[in-house]
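As a plain string of letters, each chain reads:
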Amino acid sequence: MKIIEKVKDLFKDAIKEHRLSLIVFFIATLCWAINYDNPFFSTPVEIIGTILDGAFQVLTGAAYGLLLCEAIHLYKKDNDNYVLKNTFTIVKYGLIVLAGIAVVFQNWVLGKVYGDSDLDNLFLYIDFSSEILFCGLVTIFGITIFYFYKRSKETFETYLAKAFCGIMKAELVYGIIAIGMLLIIWAFDTLIIDTYSIGLIERVEIIILGLVQFPCVVAGLSKTEGSIGKFAKVVLSYVFTIMTAIAFVIIYIYIIKILVTWSFPSNQVFTILASLFCTGVIIWTMAQGCCDEALVKPLKIMPLLFIPFIILQIMCLAMRVSDHGFTQNRYFGMALIIAEIIYFLVYITSLIKKKNITYFCLFIIIIGSYIVYLVPCVNVDSVVTFSQKKVIEAYISNMDSDEAQKEANEALSTIKTEGGFAGQRYLKTLTKEQKDKIEDYEDGISNSSYEDYFAVDANAKIVPYDISDYDKLYIIDNDFGSEYDSDKLDCEINKIPIASEGKTLGYLDLTDEIALLIKLDKEGEGYNTEKTSKVIGKTFELSSGENYDSDTILIIKSLSINGYYDENSTVDYIHIEGYVLENNNLD
């Protein structure tokens, strides 16, 4: 096939030019494949798993940094004044690689060091570390793409179209290889030996990521010397743009409907317009880079037709913020609107001055990621906290109505879950009495801010446990009540019978744990989170069952509870999986 030959040539060129980053990334995926599903956990050589995991993080970060170094080197090597072996150049590249390693490695270290601790702010640290990781990767990949674009000596629109086509061709080859290997292993599993227990499929697919997919993506982004095929031109210039134009027409008809009926826009409009911009900006940019001469002017005008939609977005967002303040989603909506305005300022400037400055969008994205997550006072945590704390302070000043208490309760919950470090600092300024007064709303007045029905899932972390003092082990899988019918629970939560093969081993009291899990569910942390894991991540003593002269404990592997938010938070279903350890040889 001609397309396979073209991709093969691009693949070879990419390997020649990006040898270091591709080799390092491949070694990283080998470490990941070997350590997949943590096979060394709870073994005498557990340290091997930790080393492989850490090596994967270090090598992945190094590969990203090396890719950026290679992109800079390839762009600058044609410059007569450029010397690779210059001390400054080597130090600069070394710092870039170290930065790539630091960005990835810090996220892994934090999870490893504090993953099993009881720090109150553990999740805040992990979230902050993930934000640093995101900003660092956006910076590395954004600058890498910029140097690929500069080296291509094309307009940004043409480069984007060629890179998109190159990646699609390369990903087609990757998809064929990945599916092919999947079918081969499936046939081997069926006819020869079942390899499910060693995760062979997953390990092979991981290796293919490093051996095929990563080089394919690099080849698509860096090798854009060829021309765009006729089929790709038709798809990018006509098919995608016509679909986008139809969406524009629908939105304009909706605007006319709003003006005629004089009604407020629907809440869903913002999401639709945000999606339209994010896809549309890529479509019309690529189309301008590969279209026929007759379509150039219409396609340059097309983005300007989106500008009235920004007013509609502002209306939608302003309505929600004025009523309920900022949340993370509304903050990101505001950030998108600002990004759209900046984009159109850059775009209009490029039209007027007839300069190719559209590539500035890459730096808008990079700078925007830091402002959104890391810049003090204007990042998402600070804005959400500042907005919601005004609701709380207004209630504390007056405490005049149930509605104000409801709004303060919702604001307090938002700060807890979305306020980050800024939110935690503010919460420390509130007295216990003030918090209790606000939280009384969820306990006694109303639960209308929550769903009527709750469903909580908790899975414990698997940790080694010494069973040498016990002579029997039972596997537990017990259901109480009905998961689908709202019948009353067929036992008391302070006396749950734990049984195996019809034999009652003891009775379990989950009163405190269930109350805490329901509270976490109200805060949006009730479905298989680190917090729910900690609630059940301990041993439970069982009261006397059929074997009265035994020392019996329960280790819960997973716990599910369903019920209704009412005056007593009624539980109508409990499912418990785990292990009971029993010692009948008591002295």
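Read on for a plain summary of the structure.

Cut-offs applied
Residues numbered from 1 in each chain as written. Predicted model: local features only at pLDDT ≥ 70, side-chain atom pairs only at ≥ 80, totals over all residues. Heavy atoms only, no water. Core = buried A, V, L, I, M, F, W, Y, C linked by side-chain atoms within 4.5 Å. Buried < 20%, exposed > 50% of the residue type's maximum accessible area, 1.4 Å probe, protein only. Helix = DSSP H or I, 4+ residues; strand = E, 2+ residues; numbered from the N terminus. Contact = heavy atoms within 4.5 Å. Disulfide = S-S within 2.5 Å. Patch = residues over 30% accessible without salt bridge, like charges linked within 9 Å, V, L, I, M, F, W, Y side chains within 5 Å. Areas by Shrake-Rupley, 256 points an atom, 1.4 Å probe, with all protein chains shown as cover. Salt bridge = Lys/Arg side-chain N within 4 Å of Asp/Glu carboxyl O. Pairing = 2+ DSSP bridges.

### What to know about the nonpolar core
Judged by nonpolar contacts, the single largest core of 35 residues is most densely connected at F277, F306, F309 and Y343. Mapped onto this core, the elements with two or more residues apiece are helix 8 (230-261), helix 9 (268-290), helix 11 (307-324), helix 12 (328-353), helix 13 (360-373) and helix 14 (380-398). The biggest single contributor to this core is helix 9, with 9 residues. Apart from residues no more than four positions distant in its own chain, F277 is found in contact with W284, F306, L336, E340, Y343 and F344. If you look at the next biggest cluster of nonpolar residues, it comprises 32 residues, including V24, L68, I101 and F214.

### Quick look at the state of the cysteines
Tallying each qualifying case throughout the model produces 0 disulfides. The closest cysteine sulfur to the non-disulfide-bonded C165 is located on C290, 6.7 Å from its own sulfur.

### Focus: unusual backbone geometry
Not every positive phi belongs to a glycine, and K153 is a case in point at roughly 60°. Residue K153 is classed as exposed on the basis of its relative accessible area, which comes to 74%. In this model, C377 sits at a positive phi of 75°, which is unusual for a non-glycine residue. C377 gets classed as exposed once you look at its relative accessible area, which sits at 66%.

### Some details on a nonpolar patch on the surface
Taken together, the side chains of V234, Y238, V239, I242, M243, I246 and I250 present a nonpolar region at the surface, about 630 Å² in accessible area. By secondary structure assignment, the location of V239 is in helix 8. Overall, V239 belongs to the partly exposed group, its relative accessible area being 36%.

### Remarks on the pairing of strand 6 (residues 551-564)
With 10 of 14 residues buried, strand 6 lies mostly within the body of the structure. Pairing between strand 5 (residues 539-541) and strand 6: 3 bridges, direction antiparallel. The residue bridging T539 from the neighbouring strand is I555, located in strand 6. Across 13 bridges, strand 6 lies against strand 7 (residues 570-583) in antiparallel orientation. By the bridge assignment, N562 is partnered in strand 7 with Y573.

This is a description of form; function is not addressed.
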